[in-house]
Amino acid sequence: MAWGKDVKIQKGRFTDWCKKHGFGGPTLECVRKALSVSKKSNDKSLRGMALFALRAKQGWKKTVRKP
């Protein structure tokens, strides 16, 4: 599935959210706070941004499940 031309990504939304809530930027503490807030308020957009930031900070490592 290709992205349509009408899709617009707003850069810096998660950084802005972190700074608004007293963090210096998208740190691990900010990601944890965002995940807890998104769970309570059922905000899928915030959860997605937090998970994206977390994976980007980890260096895009895949999590491997051991049987």
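Higher on the page you've got the structure.
These numbers were taken from a predicted model, which means no experiment stands behind them.

(A) Examining the packing of aromatic side chains more closely. For the coordinates displayed, the defined rule picks out one aromatic pair. For the ring pair Phe14 and Trp17, a centre distance of 6.2 Å and an interplane angle of 5° mean the geometry is stacked. With Phe14 and Trp17 both in helix α1 (residues 13–20) and three residues apart, this pair spans about one turn of that helix. Its relative accessible area of 14% is what places Trp17 among the buried residues.

(B) Quick look at helix α3 (residues 44–57). In a regular helix each residue adds 1.5 Å, so 14 residues correspond to 20 Å; α3 covers 20 Å between its end C-alpha atoms and thus fits that length. All buried positions along α3 are accounted for by Leu46, Met49, Ala50, Leu51 and Ala53. Sitting at the amino-terminal end of α3 is Asp43, which places a side-chain oxygen 3.3 Å from the backbone nitrogen of Ser45. Where α3 terminates, the next one or two residues include Gly59, which has phi positive at roughly 85°.

(C) Structural view of the state of the cysteines. Counting across every chain of the model gives one disulfide. Covalent S-S linkage joins Cys18 and Cys30, the inter-sulfur distance amounting to 1.9 Å. Taking the torsion about the sulfur-sulfur bond, which here is approximately -90°, the covalent link between Cys18 and Cys30 counts as left-handed. Residue Cys18 is found in helix α1, and its partner Cys30 is found in helix α2 (residues 28–41); the two are separated by 12 residues along the sequence. Like Cys30, Cys18 is buried.

Rules of the game
- Residues numbered from 1 in each chain as written.
- Predicted model: local features only at pLDDT ≥ 70, side-chain atom pairs only at ≥ 80, totals over all residues.
- Heavy atoms only, no water.
- Phe/Tyr/Trp six-rings, centres within 6.5 Å; stacked < 30°, edge-to-face > 60°.
- Helix = DSSP H or I, 4+ residues; strand = E, 2+ residues; numbered from the N terminus.
- Buried < 20%, exposed > 50% of the residue type's maximum accessible area, 1.4 Å probe, protein only.
- Expected span 1.5 Å × (residues − 1).
- Polar contact = N/O pair within 3.5 Å; in protein donor to acceptor, adjacent residues only side chain to side chain.
- Disulfide = S-S within 2.5 Å.

Coordinates in, geometry out; function isn't part of it.
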